[in-house]
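Here is what each chain is made of, one letter per residue.
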Amino acid sequence: EYQRYWFFLNLQLVIDRALLGGQQSNATYPSGLDVKVKPFPWPAKQEDIGAASAAVLLNLLLVYAFMAPTRAVVGSIVREKELRLREGMRILGLSEAAYWASWSLTHWLSLAASGLLCALVGRYPFRHSSLALMTAFYWLFAAALISFSYFLSTLFTASRVAGTATQLLYALSMIPGFLLPLVRPYGGVSWYIVCLSPTSAASLMAATLLNWERVAAGVTLDTLWLPVTQGSSFCTGSVLLLLAADVVLFAALTWYCDKVMPTSYGQVLPPWFPLQPSYWRSGSRSSQHSSTQGSSKSSSHWPNNQRNSQRSTPLLPEAVHVDGEQGQPD
């Protein structure tokens, strides 16, 4: 708010210098008065230097701690695509939903375990913050990273290229969130836009953690929805909500790019395929066809089994009455 009064402060400074210079007999006119403007501290509490230093290092720790798992996730998906293992599983009847759900659960459990350990270790430097909220952040960050990695896997067809490119893209996506608190320290809409990248959202989470740990408040339920700057409504809760939105956003991009990106085998759909009603009708029609086909097969097996059981039943010979005296049948 103080920036709005810049003109009036300078005008008042000129008047004060002229008045003070006129009151002094041996001084220059106007008086050499220098005024500096500094914003009010926010929030006004005692600072914790140790926690603030640890929060600064957390930004770099997040980059290097989760870069290798992200590369491994992308490499595993691209390797299956490269070796055509995924196509083989499709031939065997595996659906796309089951494929992505199995991989998502496998990758998320491993990253969730790492995130829980990071939250437990962080209890020592960030003793004012809530363990549950920090664990929720790491788990949401892991889910957003997995969704982001699946999106990157649709852009590559070779696992070697995918690994190197993933590390580069991971580092580049972190830069906006790392520099934004320095360029726009008073917040703004750009803080929300940058959180569309999971790595930048993690960097801004470190910035909010730095703000609250420095004043010995920490990230708790009381400070979850409080703004970290006076010029914006951005808060820690905004980071968690945007990380959850990143999961849905990159999952949708993965589904879309997986169908339109060209590959060395198979057919791709046109970029406008979600706007075609025929795509959605064909999907529902195929599911109905598979269900009716399965039911018809199960019903057709019953008469066959019944006939087979009848054929397998031995035919008993008719009763033959033998005359004991003549030895001839009746």
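Placed above this text is the structure.
Anyway, here's the lowdown on the structure attached to this text.

1. What about the overall build of the protein?
- Looking only at helices and strands, the protein has ten helices and zero strands in total.
- For the protein, the sequential pattern of α-helices and β-strands runs α-α-α-α-α-α-α-α-α-α.
- Across the 330 residues that make up the protein, the buried fraction comes to 34%.
- Relative to all contacts within the protein whose residues are 6 or more apart in sequence, the contacts with residues 24 or more apart total 66%.
- As displayed, the protein has an accessible area near 20600 Å², and 65% of this comes from carbon and sulfur atoms.

2. A few points about the packing of aromatic side chains
- Per the stated rule, a full pass over the model turns up 13 aromatic pairs.
- For the pair Trp108 and Trp139, a centre-to-centre distance of 5.8 Å together with 70° between the ring planes defines the contact as edge-to-face. Here the residue Trp108 occupies a position in helix 4 (residues 96–121), and Trp139 occupies one in helix 5 (residues 131–153), the gap between them amounting to 31 residues.
- For the pair Tyr192 and Phe234, a centre-to-centre distance of 5.3 Å together with 75° between the ring planes defines the contact as edge-to-face. Placement of Tyr192 in helix 7 (residues 189–194) and of Phe234 in the loop between helix 8 (198–214) and helix 9 (236–260) is noted, with a sequence separation of 42 residues between them.

3. Digging into the environment of Gly188
- Its location among the elements puts Gly188 in the loop between helix 6 (159–183) and helix 7.
- Between the alpha carbons of Gly188 and Ser232 there is a distance of 5.4 Å; along the sequence they are 44 residues apart.

4. Some remarks on helix 8
- Along its 17 residues, helix 8 runs 24 Å from first to last C-alpha, staying within 8% of the 24 Å computed at 1.5 Å per residue.
- Of all 17 residues in helix 8, 14 are buried, a share of seventy percent or more.
- Of the residues trailing helix 8, Ala216 is marked for its positive phi of about 60°.

5. What to know about the nonpolar core
- Ranked by internal contacts, the top residues of the largest apolar core, which has 45 residues, are Leu62, Phe66, Phe137, Tyr138 and Phe141.
- Within the residue set of this core, elements represented by two or more residues are helix 2 (49–82), helix 4, helix 5, helix 6, helix 7, helix 8 and helix 9.
- If one sorts the elements of this core by residue count, helix 5 sits on top with ten residues.
- Filtering out sequence-adjacent residues up to four positions away, Phe137 remains in contact with Leu62, Ala202, Met205, Leu240 and Leu243.
- Ranked by size, the runner-up nonpolar core spans ten residues in total, among them Val74, Val78, Ala165 and Phe250.

6. Details of the pattern of salt bridges
- On inspection of all chains with the given rule, the structure shows five salt bridges.
- In this structure, Glu87 engages Arg90 in a salt bridge whose closest nitrogen and oxygen atoms are separated by 3.2 Å. Taken together, the positions of Glu87 and Arg90, both in helix 3 (residues 85–91) and three residues apart, correspond to about one turn of that helix.
- Using a relative accessible area of 33% as the deciding quantity, one classes Arg90 as partly exposed.
- Among the ionic pairs, Glu96 bridges to Lys259, the shortest N-O distance being 3.4 Å. On the criterion of sequence distance, the pair formed by Glu96 in helix 4 and Lys259 in helix 9 is long-range, its members being 163 residues apart.

7. Side note on the environment of Leu241
- Along the chain, the position of Leu241 falls in helix 9.
- Looking at Leu241, the relative accessible area reads 54%, which means it is exposed.
- On a C-alpha basis, the gap between Leu241 and Phe137 in space is 9.9 Å, while along the polypeptide they are 104 residues apart.

Rules used in this analysis
Residues numbered from 1 in each chain as written. Predicted model: local features only at pLDDT ≥ 70, side-chain atom pairs only at ≥ 80, totals over all residues. Heavy atoms only, no water. Helix = DSSP H or I, 4+ residues; strand = E, 2+ residues; numbered from the N terminus. Buried < 20%, exposed > 50% of the residue type's maximum accessible area, 1.4 Å probe, protein only. Contact = heavy atoms within 4.5 Å. Areas by Shrake-Rupley, 256 points an atom, 1.4 Å probe, with all protein chains shown as cover. Phe/Tyr/Trp six-rings, centres within 6.5 Å; stacked < 30°, edge-to-face > 60°. Expected span 1.5 Å × (residues − 1). Core = buried A, V, L, I, M, F, W, Y, C linked by side-chain atoms within 4.5 Å. Salt bridge = Lys/Arg side-chain N within 4 Å of Asp/Glu carboxyl O.

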